[in-house]
Every structure is written in structure tokens, then in C-alpha cells.
Number of protein chains: 2
Amino acid sequence: MNCLRCLVRSSVLCRGQPLAPFYALRAFTTHPQNEMVEEMEKLLTPRAQSGTNERKKKLITKTPKGTRDYSPKQMAVREKIFSLIISCFKRHGAEAIDTPVFELKENLMGQYEEEAKLIYDLKDYGGELLSLRYDLTVPFTRYLAMNNITNMKRYHIAKVYRRDEAAMNKGRYREFYQCDFDIAGQYDPMIPDSECLKIVHEILSTLQLGDFLIKISDWRILNGILEVCGVPDNKYRTICSTLDKLDKASWEDVKCEMVGEKGLAPEVADHIGKYVQLRGGLGLVEQLLQDPKLSQNKLATEGLEDIKLLFEYLTLFGITDQISFDLSLARGLDYYTGVIYEAVLLQQQNDDQEELVGVGSVAGGGRYDGLVGTFNPKRRKVPCVGLSIGIERIFYVIEQKAKASTEKVRTTETQVFVAAAQKHFLAERLMLISELWDSGIKAEMMYKKNPSFLDQLHYCEQRGIPVVAIVGEQEMEDGIVKLRDVATREEVAVPRERFVEIIRKRLEP
Amino acid sequence: MNCLRCLVRSSVLCRGQPLAPFYALRAFTTHPQNEMVEEMEKLLTPRAQSGTNERKKKLITKTPKGTRDYSPKQMAVREKIFSLIISCFKRHGAEAIDTPVFELKENLMGQYEEEAKLIYDLKDYGGELLSLRYDLTVPFTRYLAMNNITNMKRYHIAKVYRRDEAAMNKGRYREFYQCDFDIAGQYDPMIPDSECLKIVHEILSTLQLGDFLIKISDWRILNGILEVCGVPDNKYRTICSTLDKLDKASWEDVKCEMVGEKGLAPEVADHIGKYVQLRGGLGLVEQLLQDPKLSQNKLATEGLEDIKLLFEYLTLFGITDQISFDLSLARGLDYYTGVIYEAVLLQQQNDDQEELVGVGSVAGGGRYDGLVGTFNPKRRKVPCVGLSIGIERIFYVIEQKAKASTEKVRTTETQVFVAAAQKHFLAERLMLISELWDSGIKAEMMYKKNPSFLDQLHYCEQRGIPVVAIVGEQEMEDGIVKLRDVATREEVAVPRERFVEIIRKRLEP
């Protein structure tokens, strides 16, 4: 089906009060025509009242906007990816925690500014006001503060919730996984920060997504740049927000927004432009440390010295080939206080490596020293540095690759199928399969008293089950079980009383 | 701290409108005195308004009522338990799926009656009305209907949400995990049903929670009993609801509620009592098939014949020692259409095995043939049978046991700690640890330029890290790395260029 975008506008009456016109933007890349009709009918029908007479009404078979189910194939792929990522986190000595899907609303509202309008609230039941978590960082800092912990290295893989309108077909959803790794605690500069970058590097390498680049910068350098360029204090945040678009837009467009929309003087914008289009390695750091204006700025110098130290550690880790000190890096969230980083995938464009357009970053993070303190200013500050793997985007890339590949993905791990060659062998199959399960062997059988032999074989081929254990009249007479290799069709007879032991040996890697 | 229950009553003004008096019931088994004061202050303070000035206000460091974090120790235990359960599901050939945490409200409202008031709604944003999922069964049937699937064997492990007031210290929360396994499809009678019971048996056996009992019955038998006893049609549901309390209350109390509150004639109640206090095995099934009244009831007879068939299969599976045909079994949810079952843990009381009071059931399930059809009555019916493992209750039991045990639970899997014997060896440690990570070995080091040797050893002992790799002045001179066994303190020197290879061999099981 062709990609079809349909803009539907209708006023919907809700409980007797008119609402503002209701826009529904739908991408019909994957949904059939009749669902579009269903969607329109739904929009034009008065909102359903709750009550028992609803039982008879046809229920809507769709997931909420911006969310999706994971099919067994997607789960098989997801499981592999998570397993790889968790291995890496564990390799670096992280402990796991988990937190509730919702937090007290006041805990979230205090932490975000621009993002606050994207937070999902729960209905007010007269008790605590609750909101769905927006990321895993705020829950982490709440956890640290609540348990009075000053040092922790933890990972957390869980879904988070954001009520945004971004198109679904580029791997952006309202419900999506985040895989976070963070180190909390007062340590010597840049050591934990460098481990975070090593982890991003390890994960992206192991996932085999092709070449990638990790851009690094520092919030203090960016702030210093804005200061020396003459940006008014009260415009810092909004200018950073525009600068953040440099990964998708050109400098001209970004300058245009800074001057045209954000009211920045053109010469100030130009001055910024001389810095933020710079990227390089240790050489660039040295160059900027010599920069006449920046070298006079305390914050920028601090940041530059730390980036220099970071490069030393990353060199010892052997990963600097994939590191780029990139002054255009701004990042959306406003709680960063030091190093910031973002990893992007690259594609081969002729002889150059260019950023893979459209997917966005596949990992990111930075240092955020002030967050835990917001939970209790009286207690000691707990500096933190961490990273988040953009698992949904990685998932999207891998799914695209899988579609192009001919490799079959198994959704189960069944090793043996217990089949009957003739009718009336249900009891024997039940006993056989029970012995297999009791020995820890993964086995299935058909839930029919008298399944057709061909149906059973076909099921094995479909599911990729490698071995069939066959019972029938002849097998019963001879006191054997036939083991059949599904791929080669070779059969071998084994004594009934030893069949579990023989199968187990056969299945050993 | 002694167990202290505190009943707090206060009126809370919410956005200018008085609410009904607000009761807060708190169990203080685990919380210190000052948090009780905090709780009371919070109740008596006007509700906080949202806004940016909230950033300066002290944020509340607690999780929402009825929810909890999982600490690293709890995660380590949880991971083991899930791993065992998933192994079992996979052993039986199940595929995994995942669904969003919220569904369209109308999809949930149509499915539950009594339970509907416990469903968490999301705030109304003028678009789709959403609610947090209440269980994993309705999402499953929605998934089947949405994808037009008629046959599927799936497992799903995820959190569900119920807004109830049950005490938290008996393992009941508002956010809790469910581990579900279900078989959807039209098959020959009782075969998939028996596999579900086999799975419950396998899981409870493997978890080593002590002796357990799986009670089975059938919704049609229960209905038949109520019919032959003369219960009016319109009272079936409410009587079942009362009968469901038989696992916790005596027959006298239950009869009292049926007669006193539900308006049942006493002789009808007595008649019911003659049946529902019966429990046994195949013999009881045969006895009831001969019962003059029940044998005339078509529904009851159907149910009894199926339970008889089920017993045959369970015998072939070798699990009937833990099966009890128990006519008091009613189960809360009202979508069951056939076999129902519930597993409970037993404790030794003198010579008898008695049900472990207070934990409730640790697994349950049954057949529900009509649910998928509610999503689209025009399509073929998709019969389903399944089970849900009460993971939170199991978790509670295991946590109690762990508290009593002296066994230490590791929260990380780190194998090697890279340490410096003297100052100024950061660079060497970074290089060494990088080689270990690149070889897939789990390693940690201290994030200090010059950590004390004792601090580093102490860290290893605390975390249960078995091996330390030590560099220092002497080691550098001699071109070696020292490997130290943390437990025995034995040290051995290995050549620097072979240390990864040697460590890997040493760590092999």
C-alpha cells in the first residue's frame, strides 16, 4: 500500500462540552483501507460512555496512538539486542534497579521545562497526582535521594512515555524503551565519563550497525561560547535549543531561526557560527585553548581542559577513531552540567562517510551534577554521568535490515516435536513429551487426538523445529521411538527406554 | 519496628472543591517514625500547583502509594525467578509478545464488571481515552482479534495496574508483575488445558517453594450446582463471588453472607454447602457423575466429563499427586467458561499439610472461550486457556526466606578488579581494564587517580569479586601483572602480554 497521509479534522463532543477542533494525522503505510474508514467513523461518533451495555458494542482493535505491540518475531530480535546490551552493562559492573511506571507528578514537574507539556498525567482520583515517567534519569535521581545513596553504578531498561506528535515511521513513539547506564558519585574527573563513552562504543560495535561516530562536547564550552559571542543570559536556553537542530538543518537555517525567531543580532549569530561549525580531535581542543576570547572565559576553559583529559583516557581505551569533538552538539535536556555526547550511524556516500539521515542519534548522554540535589538541597550533592541507548531507533534499523535479509527468525526454541504416525497415539505422545519436559528438553506436540502426520511435519518445518520423535504402531511393536531430522529427513530408531538420554546427547552443542 | 497501623482522616481541598473525607491507611512495618510525620504534613497541606517555581520546593522522595522500586538485590532475585519461569514457557514452545502499558479505555471497560472501578485511567487530553492495563489477558485477546490470529501459544511477562486498597505487606501492590502463558485455538478437549497445569506444576516445583496444591474445578460444574440447588439466575454471579471466599473463610461465614447479605434462602445455602465443601480426585468426579441431581444437569455433566478426561491426561503427565478437584473453587474474574485452577502453597502443621495462610494463590487460570469474540462478534470464536503466575506473592515468599538465610546475594557479576598497588598507575589500569573488556571479561576499577590499595581490596570483598589484577612499580619493572584470589589471598605473577589469556582460562567454569 502506498504511503498515504490523511488529515482529518472534526469537532468532537465530549461529555456535552465542545472541544477544540480535533486533528488526527495518520500514516497509512501499514494499515489497510478499511481501517481508515473505521478511524473516520470513530471520530464522527459521539464518545462512548462507560457502562455494562458497552459489552455488546464492537470493541476497537487497535493500540493507542503512538504505541505498538511487539510480535513474536520482533520480540525475538528485541531479546537478542537487550541481551547484548545487558551483557555490556554487566561487563562494566553495573547493578540493575527498577522503578514504578508512574511517579508523583510533583517529582516530574520540577525537573523539566519545555518537556513538561509532553508528560502523561493519570486521572485525578482525589489522592496523589501521578504522571507516567518521562525518562529513567529522574526516577534514578529520586531513587538515590530517597535511599540516601551517594555512590552507585546502575543500569535500567524500561519503557518511558512522551505525548508527542512525531511521525511514527521513523522509530519515534509515545511509549518506547530506554536503556540507561549511569554512574553516581564524587570521583576524579573524567574517569567515569570515559567509561560511559567506552560503553557506548562497545555496544554500537557489538550490534554491528555499521560505522558510527560519537560526537562529544561540554555544556560549559557551549555556555562559554555564547557568553564570549555576546548572547544575552536570558536567551541561552532558547539559543541552545536552536543550535540543537544543527544535526538535521544547515547553518543558514539555524542562523535564520536565531536571528528571525529568537531575536539574536546577526553579528552575534555569525560569531557563534565561527565556533559551532568546528569539529575535530585533540588538536581542536588545543586550538580553542589558545583562542583569544575563549581562553579568557573561565567556564569554557574548564570544559576544554576536561575534554582534553577525556581524550587522554579515550586514547588509552583505544576508541578515539570514532570520537569527534563537535561544537555543534547541544542536546535537548537542560540538566547537563559537563560533558555531553551523542552517537550517530554513518552511511557510505561515495568515498565519504555521512551521517545516516533520518534515524537521529542512537545513543546519548552526559554529566548532570545538580539533579540529585533538587530532591533535597540540604544533602550532599551527588554528581552523575550517564548514557541512554536509543533502542527504538536501533530496533528500527535492524528491522529494516531484517526485511531485506532472507534469514529466517525463529520465534520459539523448541528442540523436539513429538508426533504420531497413526491414529490413537495420544497417550503415548503425552507420556513421551512429559519425559522430555521433565528432562529440561524443549518439546511440543499437536493438541489433537489424531493429527495428520503431514500436518505435524509441516508444523516443524514452519517453526524450524530440528527433530521429530515419532511413535506409531510399528514403533510400539518394536519398542522404539524414531528420531527424524526435519531438515535432512534422515531417521534413526532408538530404544524407547533410552530415547530421552539419546535425544539429550544429540542436542548437545 | 512493630507493626503499626495508622488511620488518618482529613478533608483535602482540591482546586477549590471539597472532596469526600480522605482516608489513608498506612502499614508502618518498614517505615521510620519521621516518614509518618511527613505523610501527615503532606495530607494537611494544600495541594501543590504545578509550575516552574516548584523546582525550588523540596521534592517528595517516595514512590506512589502501592508501588515500589526494586533494589539491586531484589533485581538479582527477580532475574533468577524470571529466568526460571521463561525457561519453562520456552520449554513448552511459547512465543513472547509485548503490548503497550495502556489500552483504549473502551477495550478495557467492556471486559470487566466488578473490577472496572479498580482501573487506572489516564487524564483526558481530548483525544483517545486511555487506561492502564488491568491484566495481560484482555491485551492478549485484543492482539489476537486485531491480527486475526486463530492459533497461538504465547507468554507475556509485564506489569499490570489495579487501584486497590489491599495491605501492601502481604505482597499486594497497585503495580505488579504478571507472568502469563496462554494457548489460543480450537483443539481437542482438555489437551492444552492439561499442558497449562503441567506448566504450573513445573514452575512451582522448580522454584522450590515447598509443597503446593493445585485446585481444579470447572465453571460449568459450579453453575450446574447453583442451578440444581435452586439459586435464582440473577444471583449466580454474586453467589460465586461469596463462594470465592471459601479459601480464606469458613463455610459458616460464607453461608452467613449468602443468606444474610445476598438474600439466599437458608435451605438453598445448605444444599450448596453439601457440594462445595467436597474435594478429592477422580473418585469424586465419578461420584458426582452419579449424583441424582447433577447427573440431570447438562452443564454440570459436561464439566464433569471434561474434568474426568483432564485427570486422565494429568495422570499421564505424572502430576496428580498435587491435583485436587475442589468444588469450593470459584475465582474472581467472570470470563471463564470451562476448567479453572488455582495453586496454593502448603505448610507442615503437625502431621497435616495445611494451606499457607495469608499469601493467597501463587498461580491460577482457566479456560475462557468467549473473550476474543467480544472484539469482533462476526469472526470465528477463538477458544483460549491459560495461566498466570502470581510472581509478586512468590517474590514475597522468597524474600522472606532470603532474610532468614545467611547466603549472600551478589548484585553484580564482575569477575576481575583492576587495582594499583601504588600511586600514579591510572594509565596502566585504564589500558589493562580496556583489554579485559575487549575480551568480554567483566571488570571494574576505582574511579580515582590514586586509590588506596586497602580500599580497592575492601571493595572486592564487599562485592564478592573473586580476582584482583594488580599493577605497581615492581610489576611494571618485572613486566608482570599479579593475580590475587580475593577469598584465599593467594597471589600469582603472570606475564603482562599474556594476562588476558591466562585470566580467561582461570575464569572458565
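In this text, all values refer to a predicted model and were calculated from it rather than measured experimentally.

Undergrad: Give a description of the overall build of chain A that names residues and reports values.
TA: Each helix and strand in chain A was counted, giving 16 helices and 21 strands. Looking at the 509 residues of chain A, the share that counts as buried comes to 54%. Long-range contacts, defined as pairs at least 24 residues apart, comprise 66% of the intrachain contacts of chain A with a sequence gap of at least 6. Approximately 22,900 Å² of chain A is accessible, and the part contributed by carbon and sulfur atoms is 51%.

Undergrad: Please set out the relation of the copies chain A and chain B residue by residue, giving values where relevant.
TA: Put simply, the second copy of the chain is the first one after a rotation about an axis and a shift along it. It takes a turn of 180° to lay chain A on chain B, together with a shift of 0.0 Å along the axis; the resulting RMSD is 0.1 Å. Here the symmetry operator amounts to a two-fold rotation axis. Both copies share a contact surface, since 98% of the interface residues of chain A are interface residues in chain B too.

Undergrad: Can you lay out unusual backbone geometry for me, pointing to particular residues and giving the numbers?
TA: Phi is positive for A:Q208, which is not a glycine, with a value near 55°. One non-glycine residue, B:H424, lies in positive phi territory at about 65°. One can find B:H424 in the loop between strand 17 (416–420) and helix 13 (426–438). B:H424 gets classed as exposed once you look at its relative accessible area, which sits at 64%.

Undergrad: Mind laying out the sheet that holds strand 21 (residues 491–495) of chain B, listing which residues take part and the relevant values?
TA: All names here are of chain B. Read from one edge to the other, the open sheet built from 5 strands follows the order 18-17-19-20-21, with strand pairing classed as mixed. Because the sheet does not close on itself, it has two edges, and the strands there are strand 18 (443–445) and strand 21. When the angles between neighbouring strand axes are averaged without regard to direction, this sheet yields 30°. As paired strands, strand 19 (residues 467–471) and strand 20 (residues 480–485) are joined by 4 bridges and run antiparallel to one another. Across the sheet, residue A469 finds its bridge partner in strand 20, namely L483.

Undergrad: Explain the pairing of strand 21 of chain B residue by residue, including any values.
TA: All names here are of chain B. Here 5 bridges tie strand 20 to strand 21, and the two strands are oriented antiparallel to one another. Following the sheet pairing, I480 is matched in strand 21 by P495. Joining the antiparallel neighbours strand 20 and strand 21 is a turn of 5 residues, in which R489 adopts a positive phi near 70°.

Undergrad: Give a description of the side chain of A:S324 that names residues and reports values.
TA: With respect to the helices, strands and loops of the structure, A:S324 is situated in strand 12 (residues 323–326). Setting aside residues no more than four positions away along its own chain, A:S324 makes contact with A:L213, A:I214, A:K215, A:I216, A:R279 and A:G280.

Undergrad: Outline the sheet that holds strand 21 (residues 491–495) of chain A, listing residues and values.
TA: Residues and elements named next belong to chain A. Pairing within the open sheet is mixed, and its 5 strands lie in the order 18-17-19-20-21. Two strands close off the open sheet at either side, each with one partner strand: strand 18 (443–445) and strand 21. Taken over all neighbouring pairs, the strand axes of this sheet differ in orientation by 30° on average, direction set aside. The sheet contacts of helix 13 (residues 426–438) involve strand 17 (416–420), strand 18, strand 19 (467–471) and strand 20 (480–485), and relative to strand 18 the element is tilted by about 165°.

Undergrad: Could you give me a rundown of the nonpolar core, with the residues and numbers involved?
TA: Counting 207 residues, the largest nonpolar core has A:L243, A:I272, B:L243 and B:I272 as the members making the most contacts within it. The contacts of A:I272, once residues within four sequence positions are left out, are A:L226, A:C229, A:V231, A:I239, A:L243, A:W251, A:M258 and A:L264.

Undergrad: Explain the pairing of strand 15 (residues 363–367) of chain B residue by residue, including any values.
TA: Residues and elements named next belong to chain B. Counted residue by residue, strand 15 has 5 buried out of 5 residues, so it is predominantly covered. When strand 15 meets strand 16 (residues 384–389), the two strands line up antiparallel, connected through 5 bridges. When the bridges of strand 16 are listed, G365 appears paired with L387.

Undergrad: Mind laying out the packing of helix 5 (residues 191–206) of chain A against helix 11 (residues 298–316) of chain A, listing which residues take part and the relevant values?
TA: All names here are of chain A. Axis separation between helix 5 and helix 11 bottoms out at 9 Å; the angle between their running directions is 50°. Relative to helix 11, the element helix 5 lies oblique. You can see that helix 5 and helix 11 cross each other, and the crossing is right-handed. Along its contact with helix 5, which presents I191, D193, S194 and L197, the element helix 11 presents L310, Y313 and L314. Taken together, the residues of the contact of helix 5 with helix 11 break down into 5 nonpolar, 1 polar and 1 charged.

Undergrad: Can you lay out the interface of chain A and chain B for me, pointing to particular residues and giving the numbers?
TA: With 115 residues of chain A in contact, the opposing surface of chain B contributes 113 residues. Approximately 10,300 Å² of surface area, both sides summed, lies buried where chain A meets chain B, with 58% of it carried by carbon and sulfur atoms. Counting across the chain A and chain B interface gives 20 salt bridges. Across the pair B:E444 and A:K153 runs a salt bridge, and its minimum N-O distance is 2.8 Å. Applying the counting rule to chain A against chain B returns 50 residue pairs in polar contact (both at pLDDT 80 or more). The element that contributes the greatest number of residues to the side of chain A that touches chain B is helix 13 of chain A, accounting for 8 residues. Here the side of chain A that touches chain B is built from residues that sort into 50 nonpolar, 23 polar and 42 charged.

Undergrad: Report on the confidence of the model for chain A, specifying residues and quantitative values.
TA: Residue and element names in this part refer to chain A. On average, residues of chain A carry a pLDDT of 86, and 83% of them reach 70 or more. Scored below 50 in pLDDT, residues 1–56 shows 79 contacts in the model against residues more than four places distant or in partner chains. Overall fold confidence (pTM) sits at 0.85, and the ipTM for the predicted complex is 0.84.

Undergrad: Mind laying out the environment of B:I502, listing which residues take part and the relevant values?
TA: All names here are of chain B. Looking at where I502 falls in the secondary structure, it is placed in helix 16 (residues 499–507). With a relative accessible area of 22%, I502 lands in the partly exposed category. When the C-alpha atoms of I502 and L483 are compared, they prove to be 9.7 Å apart, with 19 residues separating the residues in sequence. Those residues in contact with I502, other than ones at most four positions away along the chain, are L483, V494 and P495.

What counts, and at which threshold
- Residues numbered from 1 in each chain as written.
- Chains lettered and ligands numbered in written order.
- Predicted model: local features only at pLDDT ≥ 70, side-chain atom pairs only at ≥ 80, totals over all residues.
- Heavy atoms only, no water.
- Helix = DSSP H or I, 4+ residues; strand = E, 2+ residues; numbered from the N terminus.
- Buried < 20%, exposed > 50% of the residue type's maximum accessible area, 1.4 Å probe, protein only.
- Contact = heavy atoms within 4.5 Å.
- Areas by Shrake-Rupley, 256 points an atom, 1.4 Å probe, with all protein chains shown as cover.
- Least-squares fit on C-alpha atoms with pLDDT ≥ 70 in both.
- Pairing = 2+ DSSP bridges.
- Axes fitted to C-alpha atoms, helices over the stretch in contact; angles between N-to-C directions.
- Core = buried A, V, L, I, M, F, W, Y, C linked by side-chain atoms within 4.5 Å.
- Parallel < 35°, antiparallel > 145°, perpendicular 65-115°, else oblique.
- Left-handed = near helix turned anticlockwise from the far one by under 90°.
- Nonpolar A, V, L, I, M, F, W, Y, C, P; charged D, E, K, R; others polar.
- Buried area = accessible area lost by both parts, 1.4 Å probe.
- Salt bridge = Lys/Arg side-chain N within 4 Å of Asp/Glu carboxyl O.
- Polar contact = N/O pair within 3.5 Å; in protein donor to acceptor, adjacent residues only side chain to side chain.
- pLDDT = per-residue confidence, 0-100.

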